[in-house]
Amino acid sequence: MTTPPAPSAASPGPAERAMAWMHTARFLTTAPKLEFLPPHDHPEIAFVGRSNAGKSTCINTLTQQKRLAFASKTPGRTQSINLFSLGKQGITDAVLADLPGYGYAAVPKQDKLRWQQVMANYLVSRPNLRGIVLLCDPRHGLTELDEVLLEVIRPRVEAGLKFLVLLTKADKLNRSEAAKALSIARLQTAGGDIKLFSALKRQGVSETALLLWQWTHEEEA
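Definitions and limits used
Residues numbered from 1 in each chain as written. Predicted model: local features only at pLDDT ≥ 70, side-chain atom pairs only at ≥ 80, totals over all residues. Heavy atoms only, no water. Pairing = 2+ DSSP bridges. Helix = DSSP H or I, 4+ residues; strand = E, 2+ residues; numbered from the N terminus. Axes fitted to C-alpha atoms, helices over the stretch in contact; angles between N-to-C directions. Contact = heavy atoms within 4.5 Å. Buried < 20%, exposed > 50% of the residue type's maximum accessible area, 1.4 Å probe, protein only. Polar contact = N/O pair within 3.5 Å; in protein donor to acceptor, adjacent residues only side chain to side chain. Parallel < 35°, antiparallel > 145°, perpendicular 65-115°, else oblique. Nonpolar A, V, L, I, M, F, W, Y, C, P; charged D, E, K, R; others polar. Phe/Tyr/Trp six-rings, centres within 6.5 Å; stacked < 30°, edge-to-face > 60°. Salt bridge = Lys/Arg side-chain N within 4 Å of Asp/Glu carboxyl O.

What follows is about the sheet that holds strand β2 (residues 44-49). The strand order β1-β3-β4-β2-β5-β6-β7 describes an open sheet built from seven strands, whose pairing is mixed. Among the strands making up the open sheet, the edge pair consists of β1 (26-31) and β7 (193-196). Averaged over neighbouring strand pairs, the angle between their axes works out to 20° when direction is ignored. The pairing of strand β5 (residues 129-136) with strand β6 (residues 162-167) spans six bridges and is parallel. By the bridge assignment, leucine 134 is partnered in β6 with valine 165. On the sheet, helix α5 (residues 175-189) packs against β6 and β7 and is oriented at approximately 160° with respect to β7.

What follows is the structure, encoded as structure tokens:
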């Protein structure tokens, strides 16, 4: 009697495929100034936010790598744009850009001003920038510097640039606080996607990975 073949495992869904894709992230380069950023033809997604918004933790959680993005114990320490390649089998199909955190009080004013200008130039002029992820601690809300950044990118967002606000550390909010934070963020940003995100509870992780994959693979989505 012939033994029937074993049933094949269910193929992964879109979110699982997106998470597997994010796991391919690898360090590409670091650039202290825009002119040192390598030119490339791949869609780029920038992560921005205040120094204490949990940006490095978010990137490490999305890519399932503990130290891909360096989380310094001293906020504001990172002073370069770090690029990470994404793509299976070592073939790059997208790039993540980790921009320096802004707004930390211990950083000298001159450095703050310099990096605000570098970031503004990057966000306005980077030709293959496909989307921006703004990270915000919902317990503090969007700050004045976040509002300045929103004004800088508004023309590009209105022209079609993708935009996502991640409300990090969502595990520290109860249900009513989370609903209120979402409502306030929608009013403040007036456009783009808003998601709650918690590295601790894995809230919003796979949904964010899927959205980033869709941004960079529109022809396949």
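This part takes up the pairing of strand β4 (residues 94-98). In the case of a regular strand, side chains alternate between the two sheet surfaces. Buried residues dominate β4, accounting for five of its five residues. Side chains Ala94, Leu96 and Asp98 project from β4 onto one buried face, and the interleaved Val95 and Ala97 project onto a second face that is buried too. Across four bridges, the pairing between β2 and β4 is parallel. Residue glutamate 44 lies in a different strand from β4, and its bridge partner there is valine 95.

Now for the side chain of histidine 217. Counting through the fold element by element, histidine 217 comes out in the segment after α6 (205-216). In terms of polar contacts, histidine 217 uses its side chain to reach the side chain of aspartate 93, at 3.1 Å. Separated by 2.9 Å, the side chains of histidine 217 and threonine 216 make a polar contact. Those residues in contact with histidine 217 that lie beyond four places of it in its chain are Trp21 and Asp93.

The geometry of helix α1 (residues 14-22) relative to α6 is characterised by a closest axis approach of 8 Å and an angle of 80° between their N-to-C directions. Judged by the angle between their axes, α1 and α6 are roughly perpendicular. Touching Pro14, Ala15, Ala18, Met19, Trp21 and Met22 of α1 are Val205, Ser206, Ala209, Leu210, Leu212, Trp213 and Thr216, all from α6. Partitioning the contact of α1 with α6 into residue classes produces eleven nonpolar, two polar and no charged.

Moving on: the packing of aromatic side chains. Applying the stated rule across the entire model yields one aromatic pair. The interplanar angle of 65° and the centroid separation of 6.2 Å between the aromatic rings of phenylalanine 27 and phenylalanine 84 together place this pair among those described as edge-to-face. Of this pair, phenylalanine 27 sits in strand β1 while phenylalanine 84 sits in strand β3 (residues 81-86), and the two are 57 residues apart along the sequence. Given the relative accessible area of 1%, phenylalanine 84 is considered buried.

All right, on to the pattern of salt bridges then. Enumeration according to the criterion identifies six salt bridges in this entry. Of the charged contacts in the structure, one is a salt bridge between aspartate 137 and lysine 169, with a shortest N-O distance of 3.7 Å. Placement of the pair is aspartate 137 in the loop between β5 and α4 (144-158) and lysine 169 in the loop between β6 and α5, with a sequence separation of 32 residues. For aspartate 137, a relative accessible area of 6% translates into the label buried. Here glutamate 218 makes a salt bridge to lysine 162, at a shortest N to O gap of 3.2 Å.

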